[in-house]
Amino acid sequence: MWKKIALFAGGALFGSAGITILSSKDAKKAYTHCTAAVLRGKDCVMETYTTLRENCSDIYSDAIDINNKRYEEEEAEELALAKAIVEEHESQDKSE
């Protein structure tokens, strides 16, 4: 029975000492430095995110330009092929 009371009292004393240590000026200073480090890390991550997003936008825009150019070239080839077929039929009609 005394052992349980001693353990309880020891735990309460240790808990009180722990709260006192955690709320001390040195502990608050450590918390402040840790928080500042986390905020610096956040800034670094946000800069990387912004750069990555800008690069993705550039890549997407360039890809759209490449595809539009390819579609224009395909249309020009189809138009040239259609003109060649029409001219061939016209020349066959004249020769008959």
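Higher on the page you've got the structure.
Keep in mind that what you see is a predicted model, and the values were worked out from it rather than measured. (Residues numbered from 1 in each chain as written. Predicted model: local features only at pLDDT ≥ 70, side-chain atom pairs only at ≥ 80, totals over all residues. Heavy atoms only, no water.)

Trainee: Explain the overall build of the protein to me, please; I cannot follow it from the model alone.
Mentor: The helix and strand tally for the protein stands at 2 helices and 0 strands. Here the protein holds 96 residues, and the buried ones make up 1% of them. Summed over all atoms, the accessible surface of the protein reaches about 9,100 Å², with 63% contributed by carbon and sulfur. (Helix = DSSP H or I, 4+ residues; strand = E, 2+ residues; numbered from the N terminus. Buried < 20%, exposed > 50% of the residue type's maximum accessible area, 1.4 Å probe, protein only. Areas by Shrake-Rupley, 256 points an atom, 1.4 Å probe, with all protein chains shown as cover.)

Trainee: Would you take a moment to explain a negative patch on the surface for this structure?
Mentor: A cluster of acidic residues, Glu72, Glu73, Glu74, Glu75, Glu77 and Glu78, forms a negative patch at the surface. Tracing the backbone shows glutamate 77 in helix α2 (residues 25-95). (Patch = residues over 30% accessible without salt bridge, like charges linked within 9 Å, V, L, I, M, F, W, Y side chains within 5 Å. Salt bridge = Lys/Arg side-chain N within 4 Å of Asp/Glu carboxyl O. Lys, Arg positive; Asp, Glu negative; His and termini not counted. Charge placed at Lys NZ, Arg CZ, Asp CG, Glu CD.)

Trainee: Would you take a moment to explain a nonpolar patch on the surface for this structure?
Mentor: On the surface, a nonpolar cluster with roughly 460 Å² of combined accessible area is contributed by Met1, Trp2 and Ile5. With respect to the secondary-structure elements, tryptophan 2 resides in helix α1 (residues 2-22). According to the relative accessible area criterion, tryptophan 2 is exposed, its value standing at 70%.

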